[in-house]
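# Working through the structure, step by step
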Amino acid sequence: MSTPRASRTSRTSHKEPVAVVGIGQTAHVSARHDVSIAGLVREAAQRALLDAELTWQDIDAVVIGKAPDFFEGVMMPELYLADALGAVGKPMLRVHTAGSVGGSTALVAANLIAARVHGTVLTLAFEKQSESNAMWGLSLPVPFQQPLLAGAGGFFAPHVRAYMRRTGAPDHIGSLVAYKDRRNALKNPYAHLKDPTLTLEKVQSSPMLWDPIRYSETCPSSDGACAMILTDRTGAARSPHPPAWVHAGAMRSEPTLFAGKDFVSPQAGKDCAADVYHQAGITDPRRQIDAVEMYVPFSWYEPMWLENLGFAGEGEGWKLTASGVTELDGDLPVNPSGGVLSSNPIGASGMIRFAEAALQVRGRAGAHQIPDARTALGHAYGGGSQFFAMWVVGADRPGG
Amino acid sequence: MPPTPARPVRDVAVVAFAQTDHRRRTDELSEVEMLMPVLHQVLDETGLRTSDIGFTCSGSSDYLAGRAFSFTMALDGVGAWPPISESHVEMDGAWALYEAWVKILTGEADTALVYAYGKSSPGSVRDVLTRQLDPYYLAPLWPDSVSLAALQAQALIDAGDTDERALASVASRSRADARANAHAQVKGEVPSGDYLVHPLRTTDCPPVSDGAAAVILAAGDRARELCSRPAWIRGIDHRIEAHSLGVRDLTDSPSTRLAAERAGAYEVRLDTAELHAPFTSQEVVLRKALGLGDDITVNPSGGALAANPIMAAGLLRIGEAAARIHRGESDAALAHATSGPCLQQNLVAVLEGDPR
């Protein structure tokens, strides 16, 4: 179990504590033909308001995020969504930091409260991939720039291979992760991919897409949205359910391509993790963090990020995975919700990681609840493994 | 009862500003190449290096660049190594500045680099901006940005708020003032053009521009170290309105008024206003909403009628207002940025210099 938090550094001592008091998700599925984009985001927002027992009038500002506008073919969709999200007459900010956007969006919203600019903020992220084609959206040719030839998998597969070479990880580690996350998804009412007949053998016999990444080791394309209500101490005191307290939040970026960049374990990810652990007073993440919601779009990224985030030494991540530690009943459960491998509304996927971490410390994660989770990490990454956003949430208010 | 202005918990100022020369096309430059000189200029002005900056935030649009994740290329130009604390808004750079201002208020950073860029030349801006509209009911009709602005202009004329002669005088004043702005694209005498979409003539509409801008923010004593006369952000706020033009009074801008109230604009004796009004008629709307009298110098830079690099034009207004304070030409200035069709979303910042 976690140890008490260290007090914050004086640099950040005047920040207002931030609490998560409402969380809402839509069902994540291949195509939500029953709702427009506006209907989709409103569904998540209304569920978050219901959880917080608040109304649209209680919201001071809206912070919205999603991945590229080309994914739905709507330029700056926050303009059109202002009405659906009750933002008329309020401030509305639109964040876009590639795949990490859901996490970054939540952090921008949290800062509005920490800076005492607003008391209660609705933050939301979405993607409605069925309205367009993400592969097309990622493959628009631009002169003098290298195209992302075969979508995200084509970009990431060589880095997975590099990880395997570097660490000597055996071939089956990726399939263990996929099998675990898909089984966890069976316990999550909002998860997209649910196959009760899935076996490890089925994962291992699925077609090879981008060697070494098999079909069953990749994320789906989902429609979906996730919303959170963040508030200050006063708002938290009125919360009908236990809030999750934000103990730390950080973003880090590095360039896409340059000589010396470590694609297997990017420095920006290490720095971002070090920052949130420092803010939250965490000195031994492996012991002090009770649940991890990690951005794992391709199964092999679980062992890779276990090392990048400091849960395992270099070359040791795959051993943690193989030992079962990251299973739902292991002592460092990773992606109890089923993760990005089970639901991937791209722009929302980072926020879902943050929200699921918050659900765990609120004790409101339902069938995929980790018993007595007190401290949880939400993690998101994007671009060419270059944008990172993380937060640490806890059941106790920071500083006691 | 009007809302009380929000009091920031820290003093934050604009301490440096740079912009490109804005041009009709820059075929020979990538976005990064266009941006690099202004980034270097604000860093040189303050003596800061990338590694000294506490937070970096940018504004741009994938739809202008014609590719997804276009801002990742710009990041390569920032010198983001070792890794930096960084974020991006898919909005005008004025909102990137807002995010950076909030970050500094939390105490997590003392300085911030904000930049924005837009190349309109590769495509048709009028067509591209239709993709901002409600995708199910409005965008399929391809109503372009000039036509929507013309609806607003006609509503103003019908309401008796302006006439075509008054609109022409806004255009000629802006472009006369732009003569003093080395970076402006359209300046000096421009003959009143033909109707583009009635009642708007070409001179009532902004030029199509490629350009970039960068700003450095700093808190408290750090600002005083970096700039001899910092432009303190006394207040900054932004508000959005309904999207559908049918439910809005196009002759008014309640979101601008609300943002101005929250930013404390009505409690300061302003001498300058930099308004992001791409169309002459929109200056009429904004002047009315903000209650600006003739004693206030409006758009001495020439405004968006002299150069309108989309996604940077709002940040340019903040930069121009701050630069006048830096130079001692203004003591209290309002800066405004807009987004969306017919002034749907508006940001207001109030900047002040220390007493002289």
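If you tally the helices and strands in chain A, you get 14 helices and 11 strands. A total of 400 residues make up chain A; the buried ones form 66% of that total. Accessible area of chain A: about 12,900 Å², with a carbon and sulfur share of 54%. The averaged location of the 38 negative side-chain charges in chain A is 3 Å from the averaged location of its 35 positive side-chain charges.

Before going further, it helps to examine the overall build of chain B. What chain B contains, in helices and strands, is 11 helices and 12 strands. The C-alpha atoms of chain B give 19 Å as radius of gyration, which agrees with the globular expectation for 356 residues (21 Å, within 12%). Overall, the C-alpha framework of chain B stretches about 55 × 45 × 40 Å when taken along its three principal axes. Per-residue burial for chain B yields a buried fraction of 65% across its 356 residues. Partitioning the contacts of chain B with sequence separation of at least 6, the portion at a separation of at least 24 is 79%.

It is worth spelling out the environment of S121 of chain B at this point. All names here are of chain B. Mapped onto the secondary structure, S121 falls in the loop between β4 (111-119) and α5 (125-130). Its relative accessible area of 5% is what places S121 among the buried residues. One polar contact links S121 to D210, side chain to side chain, over a distance of 2.6 Å.

Residues and elements named next belong to chain A. Most of strand β4 (residues 120-128) sits out of view: nine of its nine residues are buried. Covered by surrounding structure in β4 are T120, L122, L124, F126 and K128 together with V121, T123, A125 and E127, the residues of both alternating faces. One ladder, built from five bridges, connects strand β2 (residues 61-65) with β4; its direction is parallel. Looking across to β4, one finds that V62 is bridged to L122. The pairing of β4 with strand β7 (residues 223-231) spans nine bridges and is classified as antiparallel. Within β7, the residue paired with K128 across the bridge is D223.

Moving on, we get to the interface of chain A and chain B. It is common to give the size of an interface as the accessible area lost on bringing the parts into contact. Tallying the contact residues gives 57 residues for chain A and 56 residues for chain B. Buried surface at the junction of chain A and chain B, summed over both partners, amounts to about 5,100 Å²; 64% is from carbon and sulfur atoms. In this structure, E108 of chain B engages K15 of chain A in a salt bridge whose closest nitrogen and oxygen atoms are separated by 2.6 Å. There are 17 residue pairs in polar contact (both at pLDDT 80 or more) connecting chain A and chain B. Mapped onto the side of chain A that touches chain B, the elements with two or more residues apiece are α2 (78-81), β3 (92-95), α3 (101-114), β8 (244-253) and α9 (267-280) of chain A. Of the residues assigned to the side of chain A that touches chain B, the class counts are 29 nonpolar, 16 polar and 12 charged.

So, about the packing of α3 of chain A against helix α14 (residues 346-362) of chain A. All names here are of chain A. Packing of α3 against α14 leaves a shortest axis separation of 5 Å and a crossing angle of 60°. It follows that α3 is oblique to α14 by the angle criterion. Here V101, G102, G103, T105, A106 and L107 of α3 lie close against α14, whose contacting residues are G347, G350, M351 and F354.

Here we come to the confidence of the model for chain A. Of all residues in chain A, 93% have pLDDT values of 70 or greater, and the mean over the chain is 93. Predicted confidence is poor over residues 1-12 of chain A, with pLDDT under 50, and the contacts of this stretch with residues over four places away or in other chains come to 27 contacts.

Time to look at the confidence of the model for chain B. In this model, chain B carries an average pLDDT of 96, and 98% of its residues clear a pLDDT of 70 or more. Across the predicted assembly, pTM comes out at 0.96 and ipTM at 0.97.

Bringing the pairing of strand β11 (residues 387-394) of chain A into the picture now. Residue and element names in this part refer to chain A. Here β11 lies mainly inside the structure; eight of its eight residues are buried. Burial of the side chains of β11 extends over both faces: F387, A389, W391 and V393 are buried on one face and F388, M390, V392 and G394 on the other. Relative to β11, β8 is paired through eight bridges, and the arrangement is antiparallel. Residue pairing in the sheet places G249 in a bridge with W391 of β11.

Here the amide bond leading from D211 of chain A into P212 of chain A is cis, since omega sits at 10°, within 30 degrees of zero. Topologically, P212 of chain A is positioned in the loop between β5 (208-210) and β6 (213-214). In the segment running from W81 of chain B into P82 of chain B, the intervening peptide bond is cis, with an omega of 0°. Considering the arrangement of structural elements, one finds P82 of chain B in the loop between α3 (71-78) and β3 (86-89). The backbone phi angle of E53 of chain A is positive, close to 50°, even though this residue is not glycine. By secondary structure assignment, the location of E53 of chain A is in the loop between α1 (37-52) and β2.

Next up on the list: α3 of chain A. Residues and elements named next belong to chain A. Compared with an ideal rise of 1.5 Å per residue, which puts 14 residues at 20 Å, α3 spans 19 Å between its outermost C-alpha atoms and is within 8% of the ideal. Of all 14 residues in α3, 14 are buried, a share of seventy percent or more. Residue R116 follows α3 closely and has a positive phi angle near 60°.

All names here are of chain A. Applying the stated rule across the entire model yields 47 salt bridges over all chains. For R94, the salt bridge is made with E78, and the minimal N-O distance between the two is 3.4 Å. In this pair, R94 is assigned in strand β3 and E78 in helix α2, connecting sequence segments 16 residues apart. An identical accessibility class is assigned to R94 and E78; each is buried.

Time to look at helix α11 (residues 313-326) of chain B. Taking 1.5 Å of rise per residue, the 14 residues of α11 of chain B would be expected to cover 20 Å, and the 20 Å separating its terminal C-alpha atoms lies within 8% of that figure. α11 of chain B sits mainly inside the fold: 13 of its 14 residues count as buried.

Two numbers describe how α3 of chain A lies on helix α4 (residues 93-105) of chain B: the axes approach to 9 Å, and their chain directions differ by 55°. It follows that α3 of chain A is oblique to α4 of chain B by the angle criterion. α4 of chain B is crossed by α3 of chain A, and the crossing has left-handed handedness. Residues V108, N111 and L112 of chain A of α3 of chain A form the contact with α4 of chain B, whose own contacting residues are Y98, E99, V102 and K103 of chain B. Among the residues forming the contact of α3 of chain A with α4 of chain B, the class breakdown is four nonpolar, one polar and two charged.

Residue and element names in this part refer to chain A. Inspection of every chain in the model, using the stated rule, returns 19 aromatic pairs over all chains. Between Y381 and F388, the ring centres sit 6.2 Å apart and the planes meet at 25°, which makes this aromatic pair stacked. This pair shows no difference in class: Y381 is buried, exactly as F388 is. Joined through ring pairs, the aromatic side chains of F155, F156, W210, F263, Y295, F298, Y301, W305, Y381 and F388 make up one cluster. Above the ring of F126, the side-chain terminus of K66 is found at 5.4 Å from the ring centroid. Sitting above the plane of the Y179 ring, R183 keeps its charged end 4.0 Å from the centroid.

With that out of the way, let us pick up the environment of I325 of chain B. Residue and element names in this part refer to chain B. Along the chain, I325 turns up in helix α11. Counting along the chain gives 144 residues from I325 to N181, while the straight-line C-alpha distance between them is 16 Å. Setting aside residues no more than four positions away along its own chain, I325 makes contact with R229, P230, A231, S330, D331, A333, L351, E352 and G353.

Criteria and cut-off values
Residues numbered from 1 in each chain as written. Chains lettered and ligands numbered in written order. Predicted model: local features only at pLDDT ≥ 70, side-chain atom pairs only at ≥ 80, totals over all residues. Heavy atoms only, no water. Helix = DSSP H or I, 4+ residues; strand = E, 2+ residues; numbered from the N terminus. Buried < 20%, exposed > 50% of the residue type's maximum accessible area, 1.4 Å probe, protein only. Areas by Shrake-Rupley, 256 points an atom, 1.4 Å probe, with all protein chains shown as cover. Lys, Arg positive; Asp, Glu negative; His and termini not counted. Charge placed at Lys NZ, Arg CZ, Asp CG, Glu CD. Rg over C-alpha atoms; globule rule 2.2 N^0.38 Å. Contact = heavy atoms within 4.5 Å. Polar contact = N/O pair within 3.5 Å; in protein donor to acceptor, adjacent residues only side chain to side chain. Pairing = 2+ DSSP bridges. Buried area = accessible area lost by both parts, 1.4 Å probe. Salt bridge = Lys/Arg side-chain N within 4 Å of Asp/Glu carboxyl O. Nonpolar A, V, L, I, M, F, W, Y, C, P; charged D, E, K, R; others polar. Axes fitted to C-alpha atoms, helices over the stretch in contact; angles between N-to-C directions. Parallel < 35°, antiparallel > 145°, perpendicular 65-115°, else oblique. pLDDT = per-residue confidence, 0-100. Expected span 1.5 Å × (residues − 1). Left-handed = near helix turned anticlockwise from the far one by under 90°. Phe/Tyr/Trp six-rings, centres within 6.5 Å; stacked < 30°, edge-to-face > 60°. Lys NZ or Arg CZ within 6 Å of the ring centre and 35° of its normal.

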